[in-house]
Each structure stands twice: as structure tokens, then as C-alpha cells.
Amino acid sequence: MFEQLKEPSADKILMLMQLYREDPREQKIDLGVGVYKNPEGVTPIMRAIKAAEQKWWGEETTKAYTGLAGDPAFSDAMIGLVLGDAVPRENVAAVATPGGTGAVRQAFELVRMATPKARVHVSNPTWPNHLSILKHLGIEAVPYRYFDETTCGVDFAGMMEDLEKVEEGDVVLLHGCCHNPTGANLNLTEFKAVIELMIAKGALPMIDIAYQGFGDGLDVDALATREVASACPETLIAASCSKNFGIYRERTGLLMAISQDSSKQKVAQGNLAYLNRQNYSFPPDHGARLVTLVLNDDKLRADWQSELEDVRLNMLSLREQLASEMQRLTKSDRYGFIAQHRGMFSRLGLSTEIVEALRKDHGIYMVGDSRINIAGLNKETVPVLAKAIVEAGG
Ligand code: HCI
């Protein structure tokens, strides 16, 4: 049977990780996969997570299954973090998922179950996994203009023009904050215009929020998501805890299905639990437990927020340093957008030839579309990257 299988297309980000590992050069710089690294190049376990782990080790008495939706306390805590008080709790159906990817996958499956003909409108570009999961599920992905190659900001007029083609029942996938892969984001006024358009078209918004706290702060980063959830009749939200709690390998995420009509909550909750059952029965518990412990304990929560804020500010200062270094070397404001972008990534707008030259000649690894992980830099390597970009013709 196995001979019938075709070689699946590889994930470009994960492929790059492999190439980086195999590179023997000592001075190599990894700006690839979206994992936070501190100035020493280490992805630390956050203090509050470590403390929660110690606490839980003492308190845990069983490894018996949780519920299909995971522990309701995790849903409650995460709904609070993402939505604040934007929507009444009884309007939200939610299940724990294996990471944000799990939530995205379940959301798409829910869409296909409810409306088999629905198309999903995605920003051009979007996170490659969005596209590959949609393709795998046989759901049509329709790109809308998003990244303006000349300004490296959002082509908002183009985006709105393309979203005019959205049909009733279609899904519009939006990044809640910290757009991956570009780092270019809508402002709140623009988001509100998109909301109006989606409501007028009868489209279902789906928000992927994987970097809350990495842009302008925990609450500011959630503003657009809260605005969507409180204004639209129905909303899907895939939230990840991988980055803001630094628990990547624990696979911790939450899928929310929100309706303004609370009588729909029961059927939505039932279907989300059904999807968990079909795919893996019970979602992983360990990461979700740690998140719940941190969010529900004042001291741990305050410490987590303060460490997350340090992470955010570190990335912001690297952005500013890189933008000013590029300005100094190119004697232009061409790269000023790096300081305007938010989150872990920036798409630099470099050609594939330049990206290739940076890898071959300088041992600098970025994704082929010139996406860099800002956290892969530190004060010492920012000038190295800037010089290499200019030398490579950027
Ligand atoms: C990213 O780098 O975009 C996020 C991390 C990631 C990459 C590829 C697959 C899963 C997660």
C-alpha cells in the first residue's frame, strides 16, 4: 500500500530549521522558525510556567482522562485572556486543542461540516500551514491582497477591494495581531471597516491569534479580536499558548466558536467536542493546566505578564536597532517599516536571490519570502545582519 503514497510537499519553515542545524559555521544566525529566543539564543521556560509546573507536580493526583473539551477552567481562563468581557461567557463554545494549529484545523473542519461549499479568504501571504491544511481538507482558499511589496505595509485598499468578492457563508481568515509572516498589521479603524464589510456580506470571521502579548501588549493585541467577536453575529477564534507562555512542545491552544445568540452555544459546543473526539479524543492537558494555574494565581500571573513584557520590549528594541542600522547603512528610510511592524516577524521584501546569498555567503537563515524572526537577533548580530543585507544587494 505504501508505494501508492506520494512524497508530501515539505514545510519550508521546518526545512530551513533542518538546513540550519546541518550548517557547521559557528557564526550562523537563525532567523527562521517562530520560536522566541532571548539575547543568549536560548528559548527559556518562563518563570511562572516553571513555578506552576512545580506546584502541579505536588498537587497532581491522577492522569485519568479529562473531558473531550479539556478542563473547563482552561477555557474560562483563556476566554478571559483573549476576549476580556467583550462577549458574555454563555455565548462562547470552546475546546482545548493541541496547539494553535490544532485549533485552526478544527475550525476549518467545523466550517466544512456546517457549510461544505464555504471558501476561506486568506491574506496574501498568510501562514503556510493555513494553506496546506485547507488544501488537505479540500477547502478552497481565496487569497486577498494584503502585503504591499513597495511599502512593506498593508495594502488596505487592495484588501477591501478583494474582500468585496466574499460571498454569504464564506469565511474570512484574519490574524488577530502580529501578522505571520509579514509583521504588517491593520489598525483598529481598518479592522472596523473589515468588520462592517463582513457583516454586510454575511461572511464568518475567523481569527487566528498566536502572538497575543508580542505586539503592543496583551490587551492592545486582543482589541481587534474583541471588536470582531462583539460585533459579528458569529466568530471563530483559534488561540495559541505556544508563544506567549513559551510552551511550544506542550501543544496548547483553544478553539472558540462565538454566537451573539446564546441558544446556539450548546450545538456549537457539542460539535467542537465531537471534532475533538474524532481526531484525538481528549486534548493534551499538561500545557493547558499550567496556563490555567498561571492565569488564576495573582502572583504567577503578574510574574508571567512582566516576563512577557520583557520579551515584547526586547523584540521592539531589536526592531528599532535594525531599522536605524539599515537607515545608517543605506542612507534611506527604506527599511523604516521594520520598526513599524509588530510581533515576532518582519517580511523584509528581499528577493529570493538575496535570501539565498545571505544563507550561503553569511550563514544567515531566513524564510525564502524574506521573513525574519526578530527574536533570532541580539544587539551584537543586528549590525551583522544589516551589513550582510546591504552587501547582498538589499
Ligand atoms: C512559524 O514559524 O510560523 C510558527 C512556528 C511553526 C512553523 C511551522 C509549523 C508549525 C509551527
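As recorded in an unreviewed UniProt entry, the protein chain goes by Aromatic-amino-acid aminotransferase and comes from Roseovarius indicus. Quoted verbatim from the Cofactor (unreviewed entry) heading of the UniProt record, the comment on the protein chain is "pyridoxal 5'-phosphate". As stated in UniProt under Sequence similarities (unreviewed entry), the record for the protein chain gives "Belongs to the class-I pyridoxal-phosphate-dependent aminotransferase family."

*Asks:* Looking at this structure, how should I read the overall build of the protein chain?
*Replies:* A tally of regular secondary structure across the protein chain gives 14 helices and 11 strands. Against the 2.2 N^0.38 benchmark of 21 Å for 394 residues, the protein chain shows a C-alpha radius of gyration of 21 Å, consistent with a compact globule. Taking the principal axes of the C-alpha coordinates as reference, the protein chain spans close to 60 × 55 × 55 Å. Out of the 394 residues belonging to the protein chain, those deemed buried represent 54%. In the protein chain, 76% of the contacts between residues at least 6 apart in sequence involve partners at least 24 apart. Total accessible area on the protein chain stands at roughly 18,200 Å², and carbon and sulfur atoms take up 53% of it. Between the centroid of the 42 positive side chains of the protein chain and the centroid of its 52 negative side chains there is a distance of 3 Å.

*Asks:* Before we go on, may I ask you to explain the packing of aromatic side chains in this structure?
*Replies:* Here a ring pair, both rings aromatic, is described through the centre-centre distance and the interplanar angle of the planes. On inspection of all chains with the given rule, the structure shows 7 aromatic pairs. Between Tyr65 and Phe282, the aromatic rings sit 4.4 Å apart at their centres with planes inclined by 20 degrees, giving stacked as the arrangement. With Tyr65 in the loop between α2 (47-59) and α3 (72-83) and Phe282 in the loop between α9 (265-279) and α10 (286-295), the pair connects residues that are 217 residues apart, well separated along the chain. Of the aromatic side chains, those joined through ring pairs into one cluster are Tyr36, Tyr211, Phe214 and Phe345. Lys28 extends its terminal NZ or CZ atom over the ring of Tyr20, reaching a point 4.4 Å from the ring centre. A cation over an aromatic ring shows up here: Arg371 above the ring of Phe345, its NZ or CZ 3.7 Å from the ring centre.

*Asks:* How should I be thinking about the pairing of strand β3 (residues 120-124) in this particular structure?
*Replies:* Looking down a regular strand, the side chains alternate between one sheet face and the other. Along β3, 4 of the 5 residues are buried, which leaves the element largely enclosed by surrounding structure. The pairing of β3 with strand β4 (residues 141-145) spans 5 bridges and is classified as parallel. Paired with Val122 across the strands is Pro143, a residue of β4. With helix α5 (residues 128-137) bridging β3 and the parallel β4, this β-α-β connection has right-handed handedness. Examined bridge by bridge, β3 and strand β5 (residues 171-175) share 2 bridges and lie parallel to one another. Considered in β5, the bridge of Val120 is made with Val171.

*Asks:* Sorry if this is basic, but what is going on with the side chain of Asp170 here?
*Replies:* Along the chain, the position of Asp170 falls in the loop between α6 (156-163) and β5. Since its relative accessible area comes to 3%, Asp170 is described here as buried. Among the polar contacts listed, one links the side chain of Asp170 to the side chain of Arg119, at a separation of 3.0 Å. In this structure the side chain of Asp170 is engaged in a polar contact, spanning 2.8 Å, whose partner is the side chain of His121. If we skip the residues at most four places from it in the chain, Asp170 touches Ala118, Arg119, His121, Ala203 and Leu204.

*Asks:* Any chance you could explain the UniProt feature "domain: Aminotransferase class I/classII large" (unreviewed entry) in the protein chain here in plain terms?
*Replies:* Residues given the UniProt feature "domain: Aminotransferase class I/classII large" (unreviewed entry) here are residues 27-389. With 47% helix and 14% strand, residues 27-389 has end C-alpha atoms that lie 16 Å from one another.

*Asks:* I tried to follow the site of the ligand on my own but got confused; where do I start?
*Replies:* Looking at the ligand, the residues that line it are Asp11, Ile13, Leu14, Val33, Gly34, Trp127, Asn129, Asn180, Tyr211 and Arg371. In the environment of the ligand, an oxygen atom lies 2.7 Å from a nitrogen or oxygen atom belonging to the backbone of Gly34. At a separation of 2.9 Å, an oxygen atom of the ligand approaches a polar side-chain atom of Asn180. If the ligand stood free it would expose 310 Å²; the protein chains cover 84% of that surface. Of the residues that constitute the shell around the ligand, the class distribution is 5 nonpolar, 3 polar and 2 charged.

*Asks:* Just checking my understanding: could you explain the UniProt feature "coiled-coil region" (unreviewed entry) in the protein chain for this structure?
*Replies:* The feature "coiled-coil region" (unreviewed entry), as given by UniProt, occupies residues 301-328 in the numbering adopted here. Secondary structure across residues 301-328 divides into 100% helix and 0% strand, with the first and last C-alpha atoms of the span separated by 40 Å.

*Asks:* In this structure, what is going on with α5? I would like to understand it.
*Replies:* Along an α-helix, residues three or four apart share an orientation, since each turn contains 3.6 residues. If you check which residues of α5 are buried, you get Asn129, His130, Ile133, Leu134 and Leu137. Within α5, the buried residues cover an arc of 135 degrees as seen down the axis, which keeps them to one side. Facing away from the buried side of α5, by more than 90 degrees, are the exposed residues Lys135 and His136. For α5, the secondary structure elements touched by its buried residues are α4 (99-114), β3, β4, β5 and β6 (204-209). Gly138 occupies a position one or two residues after α5 and carries a positive phi of about 70 degrees.

*Asks:* Can you help me understand the side chain of Asp23 in this one?
*Replies:* With respect to the helices, strands and loops of the structure, Asp23 is situated in the loop between α1 (12-22) and β1 (29-30). Here the side chain of Asp23 touches Arg25 through a polar contact of 2.8 Å, side chain to side chain.

*Asks:* Honestly, the sheet that holds strand β7 (residues 234-240) in this entry has me stumped. Any pointers?
*Replies:* The pairing of strands in a sheet happens through backbone hydrogen bonds and is either parallel or antiparallel. Reading across from one edge, β2-β8-β7-β6-β5-β3-β4 is the order of the 7 strands in this open sheet, with mixed pairing throughout. Edge positions in the sheet fall to β2 (92-97) and β4, since each of these pairs with one other strand and no more. Direction aside, neighbouring strands of the sheet carry axes that sit 25 degrees apart on average. Relative to β6, β5 is paired through 5 bridges, and the arrangement is parallel. Note on β6: the bridge partner recorded for Leu174 is Ile207. Running at roughly 150 degrees to β3, α5 makes contact with β3, β4, β5 and β6 of the sheet. Packing of helix α8 (residues 218-231) onto the sheet brings it into contact with β6, β7 and β8 (253-259), and relative to β6 it is tilted by some 160 degrees.

Here is what the cut-offs are and how they apply
Residues numbered from 1 in each chain as written. Predicted model: local features only at pLDDT ≥ 70, side-chain atom pairs only at ≥ 80, totals over all residues. Heavy atoms only, no water. UniProt positions renumbered as here; feature names shortened; annotations may be inferred. Helix = DSSP H or I, 4+ residues; strand = E, 2+ residues; numbered from the N terminus. Rg over C-alpha atoms; globule rule 2.2 N^0.38 Å. Buried < 20%, exposed > 50% of the residue type's maximum accessible area, 1.4 Å probe, protein only. Contact = heavy atoms within 4.5 Å. Areas by Shrake-Rupley, 256 points an atom, 1.4 Å probe, with all protein chains shown as cover. Lys, Arg positive; Asp, Glu negative; His and termini not counted. Charge placed at Lys NZ, Arg CZ, Asp CG, Glu CD. Phe/Tyr/Trp six-rings, centres within 6.5 Å; stacked < 30°, edge-to-face > 60°. Lys NZ or Arg CZ within 6 Å of the ring centre and 35° of its normal. Pairing = 2+ DSSP bridges. Right-handed = clockwise from strand over helix to strand, strands pointing away. Polar contact = N/O pair within 3.5 Å; in protein donor to acceptor, adjacent residues only side chain to side chain. Near = heavy atom within 4 Å. Nonpolar A, V, L, I, M, F, W, Y, C, P; charged D, E, K, R; others polar. Arc of directions from axis to C-beta. Axes fitted to C-alpha atoms, helices over the stretch in contact; angles between N-to-C directions.

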